[in-house]
There are 2 protein chains.
Amino acid sequence: MARATRLPDHPVARAAIIQHMLAGAGLRVTRPRQAIAEVLLLAWDHPDAEAVLARARAIDPSISQATTYRTLAVLADKGYLRTHNFGTGGARYEVAEQHHDHLVDVDTGAVMEFVSAEIEALQQKIADRFGYDIVDHQLVLFGKQRAKG
Amino acid sequence: MARATRLPDHPVARAAIIQHMLAGAGLRVTRPRQAIAEVLLLAWDHPDAEAVLARARAIDPSISQATTYRTLAVLADKGYLRTHNFGTGGARYEVAEQHHDHLVDVDTGAVMEFVSAEIEALQQKIADRFGYDIVDHQLVLFGKQRAKG
DNA sequence: TTAGATGCAAACAATTTGCATCAAA
DNA sequence: TTTGATGCAAATTGTTTGCATCTAA
């Protein structure tokens with residue numbers, strides 16, 4: 001049930017998408033950043049900085065940890081990435097497309113995505129009670145797979 | 001609008017509650033742990049480990065960082081405390097009483113608490129779709145105070 | 001050309017651990 | 001008394017930064 005990749009197969013189209021993302025974030029389009037962006041766009045999971053670095057080095061072995069963290073930070077800051085903190089370990093990243101929330105399998109660590117317009121509507125109702133406007137939210141469900149019976 | 005303290009004023013009653021919490025977690029009732037538990041039970045906010053340590057040292061200056069982290073970890077593991085990750089900085093702790101979620105003021109860092117039975121019901125409906133039972137969840141709304149009109 | 005990006009290594013921040021000593025049960 | 005708890009300091013983990021050197025624009 002792996003999600004389809006977010007990048008087209010055609011190498012020119014891929015390069016164009018990556019370029020758009022980096023330039024859109026106000027960044028120069030360098031080789032390390034292209035590798036990092038490609039890694040994120042290809043990721044079907046929610047890798048942490050270490051995993052992003054490892055995968056990026058498969059494309060270009062000279063990429064440093066510092067560049068990885070710096071690039072992740074800028075892209076997240078500019079809204080191209082979302083960061084999450086699922087309990088222990090470092091921050092985990094994913095390309096920010098349509099907003100969605102997460103269901104984490106506490107036994108396997110697998111992460112599923114979902115959206116619920118109903119929940120989002122209720123959230124704003126709650127914020128209203130406090131006199132607030134919501135600028136962001138995070139909802140993480142932790143669950144166990146139900147035994148087949 | 002500070003929440004009332006979770007501990008009674010009477011010193012004997014306070015000691016009994018703290019003892020109950022520590023013993024209930026399978027821990028020996030030591031002076032450092034009593035101080036840490038008292039700090040958490042008295043906390044009206046959501047202190048991080050550093051703040052817990054500082055407040056505990058006001059009770060007993062000899063308390064170490066290691067004991068603070070160790071005690072927080074066990075109490076959280078046993079379900080007496082909840083931990084949160086509101087963006088940057090270390091984990092933040094609070095006594096686990098009735099479950100509730102949080103609304104964080106992105107400008108001031110203030111944290112408000114709320115519960116919504118409606119949202120919780122929808123959460124289980126979503127987990128059902130994946131064949132999961134929810135064992136825990138975390139919902140954090142980030143908001144800005146609405147300008148007074 | 002030149003401002004911005006890089007790798008490296010050192011610095012930081014948050015948390016965990018080994019160990020000799022201490023104290024609750 | 002003996003098993004678990006403590007403080008200390010060192011080790012880990014995750015992340016950030018200074019700096020001399022590159023390189024995209």
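Residues numbered from 1 in each chain as written. Chains lettered and ligands numbered in written order. Predicted model: local features only at pLDDT ≥ 70, side-chain atom pairs only at ≥ 80, totals over all residues. Heavy atoms only, no water.

1. What about the relation of the copies chain B and chain A?
The operation relating chain B to chain A is a screw motion whose rotation component is 179°, with 0.1 Å of axial translation and a residual RMSD of 0.2 Å. Within this description, the copies of the chain are treated as partners about a two-fold rotation axis. Of the C-alpha atoms belonging to chain B, the one lying closest to the rotation axis is found on B:Leu139, 2.2 Å away. Same-surface contact between copies: 100% of interface residues of chain B are shared with the interface of chain A. (Least-squares fit on C-alpha atoms with pLDDT ≥ 70 in both. Contact = heavy atoms within 4.5 Å.)

2. Things to note about the interface of chain B and chain A
Residue-level contacts link 36 residues of chain B with 37 residues of chain A. In this structure, the connection of chain B to chain A is made through four salt bridges. The shortest N-O distance in the salt bridge between B:Asp128 and A:Arg146 comes to 2.7 Å. Taken together, the connections running from chain B to chain A amount to 18 residue pairs in polar contact (both at pLDDT 80 or more). Going through the elements one at a time, β3 (101-105), β4 (111-114), α5 (117-130) and β5 (132-145) of chain B are the ones with two or more residues in the side of chain B that touches chain A. The dominant element in the side of chain B that touches chain A, judged by the number of residues it contributes, is β5(B), at 14 residues. Residues belonging to the side of chain B that touches chain A are distributed by class as follows: 17 nonpolar, nine polar and 10 charged. (Salt bridge = Lys/Arg side-chain N within 4 Å of Asp/Glu carboxyl O. Polar contact = N/O pair within 3.5 Å; in protein donor to acceptor, adjacent residues only side chain to side chain. Helix = DSSP H or I, 4+ residues; strand = E, 2+ residues; numbered from the N terminus. Nonpolar A, V, L, I, M, F, W, Y, C, P; charged D, E, K, R; others polar.)

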